[in-house]
Amino acid sequence: METILDVQNLTIEFPTETRVVRAVKDVSFQIQKGESLGIVGESGSGKSTIAFGLFNSVPDPGRISGGKVHFFGGPNFLDIKGETRRKFYWSKISMVFQASQNTLNPLLRICKQVDDIAHAHRLAKNKARAKAFELFDMMHLDGNRVMNSFPHELSGGMKQRVSIGLALLLDPEIIVLDEPTTALDVISQASVLKILNRIRKEREISLIFITHDISVISEVVDSVMVMYAGRVVEQGPAKQVMRYPSHPYTRGLIRSIPPLVGEVDYTKALKGSPVNLNNIPSGCPFQSRCELRIPTCSEIEPPRVQLDNSVEVACHLAKMEATSQG
Ligand SMILES: Nc1ncnc2c1ncn2[C@@H]1O[C@H](COP(=O)(O)OP(=O)(O)OP(=O)(O)O)[C@@H](O)[C@H]1O
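Source: prediction; values computed, not measured.

Quick notes on the rules
Residues numbered from 1 in each chain as written. Predicted model: local features only at pLDDT ≥ 70, side-chain atom pairs only at ≥ 80, totals over all residues. Helix = DSSP H or I, 4+ residues; strand = E, 2+ residues; numbered from the N terminus. Rg over C-alpha atoms; globule rule 2.2 N^0.38 Å. Buried ≥ 20, exposed ≤ 12 C-beta atoms within 10 Å, placed from the backbone. Near = placed C-beta within 6 Å. Nonpolar A, V, L, I, M, F, W, Y, C, P; charged D, E, K, R; others polar. Axes fitted to C-alpha atoms, helices over the stretch in contact; angles between N-to-C directions. Parallel < 35°, antiparallel > 145°, perpendicular 65-115°, else oblique. Left-handed = near helix turned anticlockwise from the far one by under 90°. Contact = placed C-beta atoms within 7 Å. Pairing = 2+ DSSP bridges. pLDDT = per-residue confidence, 0-100.

A. Structural view of the overall build of the protein. Within the protein one finds 11 helices and 11 strands. By the compact-globule yardstick of 20 Å for 326 residues, the protein fits well, its C-alpha radius of gyration being 21 Å. C-alpha atoms of the protein, sized along the principal axes, occupy 65 × 50 × 45 Å. Residues counted as buried form 38% of the 326 residues belonging to the protein.

Okay, structure coming up:
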C-alpha cells in the first residue's frame with residue numbers, strides 16, 4: 001500500500017490575550033492510496049483546524065507549533081512555501097470547505113468558474129470544461145444546465161455537488177471534505193456520500209471527511225479518528241470503532257445518533273458540553289462528562305494505548321481493561 005499522507009504529532013495553537021489555546025494537540029495519522037478517513041467530534045474539537053494545518057494555512061493568529069505533514073513520502077510540507085505550495089493545492093490535494101456551496105462566486109456562471117480554475121492552473125479551457133461535464137455527470141447533475149447557471153439558480157444540494165465536482169477537476173489524489181453534507185437533507189446527504197464513495201473507488205482517490213455527525217460517515221470511511229478538545233481520543237478501523245467503541249466519548253457520540261424510526265431517546269444523548277479550551281483541567285479533558293471516571297482521570301492525562309483490534313484509545317479505563325485482558 002502506498003502512503004499518501006503521513007501526519008506526525010501535529011500541534012496547532014491560537015494565542016489569546018491571556019493564554020495560548022492548543023486547538024490541535026499531537027495529532028498523528030496516515031492515509032493510504034484510495035483510503036478514506038473520518039475525523040469526528042463536536043464543534044470546537046479541532047477538526048477544521050487540522051484541515052487548515054494540512055494545507056499549512058491556519059488562519060491568523062493561529063500557528064503550527066509542532067509536527068510534520070508528508071505527502072507521498074516527500075519532504076515536510078510545512079516547510080514548503082509560496083508557489084510550490086499553491087500549485088500543490090488543487091492538483092494534488094484539494095478541499096471542499098464547510099458550506100462550500102456558499103464559496104461559489106455568486107456573480108459568475110459555473111462554466112466561468114471552471115475556466116478560472118483552468119486558467120489558474122494552466123489547463124486548456126476546453127479540456128477543463130469537458131472534464132467538468134464528465135464530473136458533473138458523475139455527480140448526477142445535468143452538465144448543460146449547471147454550466148450555464150449562476151449559483152443562485154441551483155439548489156443547495158446541487159451547489160454542494162458542483163463544489164465537489166470542482167474540487168475533482170484537477171484530479172487531486174486527496175480531497176478533504178469539511179462537513180460536506182451538513183447543509184443537505186438526509187436524502188441528498190446519502191446521495192452525495194454514495195457518489196463520493198463511488199468516485200473514490202473508481203479513481204483511487206483518498207478522502208478525508210470531517211464531520212460532527214458520526215452517523216453520516218460510519219458507512220463510508222475505512223478508518224475513524226475521534227477528536228475531543230483538540231486531542232485524538234480514539235482512532236482505528238471504522239467498523240471496529242463503530243461496533244466496539246472503547247472511549248466513553250465515542251460511545252456517547254454513537255449513543256446520541258437518533259434512530260431512523262421511532263422516538264428520539266434524549267436520555268441516551270451525550271451529557272454536558274465540550275470543555276473550554278481556555279481552561280482544560282489537568283488529567284483527562286473528558287473527565288467532567290465521563291460517567292466512568294476514576295480518581296486517576298483528574299490527575300494524569302491518559303496516554304494512548306493500542307488495543308487488540310487495531311484501535312488506539314486515550315482512556316485510563318481502556319488501558320486498565322487492555323492490561324487485565326492481556
Ligand atoms: N481563528 C481562530 N481564532 C482563535 N481561535 C480559534 C480560531 N479558529 C479556531 N480556534 C480555536 O480552535 C478550536 C477548534 O476550532 P475548529 O474550527 O477546528 O473546531 P471544529 O471541530 O472544526 O468545529 P466546527 O465544526 O464548529 O468548525 C476552537 O474551539 C477555538 O478555540
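So that's the structure; there's more coming.
B. Seen up close, the site of the ligand. The ligand sits among 15 residues. The nearest are A23, S43, G44, S48 and T49. Ranked by residues supplied to the shell around the ligand, first place goes to helix α1 (residues 47-54) with 3 residues. Along the lines of polarity and charge, the residues of the shell around the ligand split into 5 nonpolar, 9 polar and 1 charged.

C. Structural view of the packing of helix α3 (residues 110-120) against helix α4 (residues 125-138). Axis separation between α3 and α4 bottoms out at 9 Å; the angle between their running directions is 125 degrees. One finds that α3 runs oblique with respect to α4. The interaxial crossing formed by α3 with α4 has right-handed handedness. Together, C111, V114, D115, I117 and A118 of α3 and K125, A128, R129 and A132 of α4 make up the contact between the two elements.

D. How the structure looks around the sheet that holds strand β10 (residues 305-306). The 8 strands are arranged β5-β6-β7-β3-β8-β9-β11-β10 in an open sheet whose pairing can be described as mixed. Lying at the two open borders of the sheet, with one neighbouring strand each, are β5 (93-96) and β10. Looking at chain direction, strand β3 (residues 36-40) and strand β8 (residues 223-228) are connected through 4 bridges and run parallel. Paired with I39 across the strands is M225, a residue of β8. Here α1 sits on the sheet and contacts β3, β5, β6 (174-178), β7 (206-211) and β8; the angle it forms with β6, its principal contact strand, is near 150 degrees. Contacting β3, β8 and β9 (231-237), helix α10 (residues 248-255) runs over the sheet at an angle of about 105 degrees to β8.

E. Structural detail: the confidence of the model for the protein. Chain-level statistics for the protein give a pLDDT mean of 88 and a share of 93% at 70 or above. Complex prediction metrics read pTM 0.90 and ipTM 0.96.

F. Spatial organisation of the sheet that holds strand β4 (residues 63-71). With respect to topology, 3 strands assemble into an open sheet ordered β2-β1-β4, the strand pairing being antiparallel. Taken across any chain shown, the strands that pair with only one partner, and hence form the sheet edges, are β2 (20-32) and β4. Here the average twist between neighbouring strands, direction ignored, is 5 degrees. Where strand β1 (residues 3-15) meets β2, 9 bridges bridge the pair, whose relative direction is antiparallel. By the bridge assignment, L5 is partnered in β2 with I31. Of the strands in this sheet, β1, β2 and β4 touch α1, which is tilted by about 65 degrees from β2.

G. Structural detail: the pairing of β6. With 5 of its 5 residues buried, β6 lies for the most part within the structure. In β6, alternate side chains face the same way, and those of I174, V176 and D178 on one face and I175 and L177 on the other are all buried. Sheet topology note: the β5/β6 ladder contains 4 bridges and is parallel. Paired with V96 across the two strands is L177, which belongs to β6. Pairing analysis gives 5 bridges linking β6 to β7, with the strands arranged parallel. Its bridge partner being in β7, V176 is matched across the sheet by I208.

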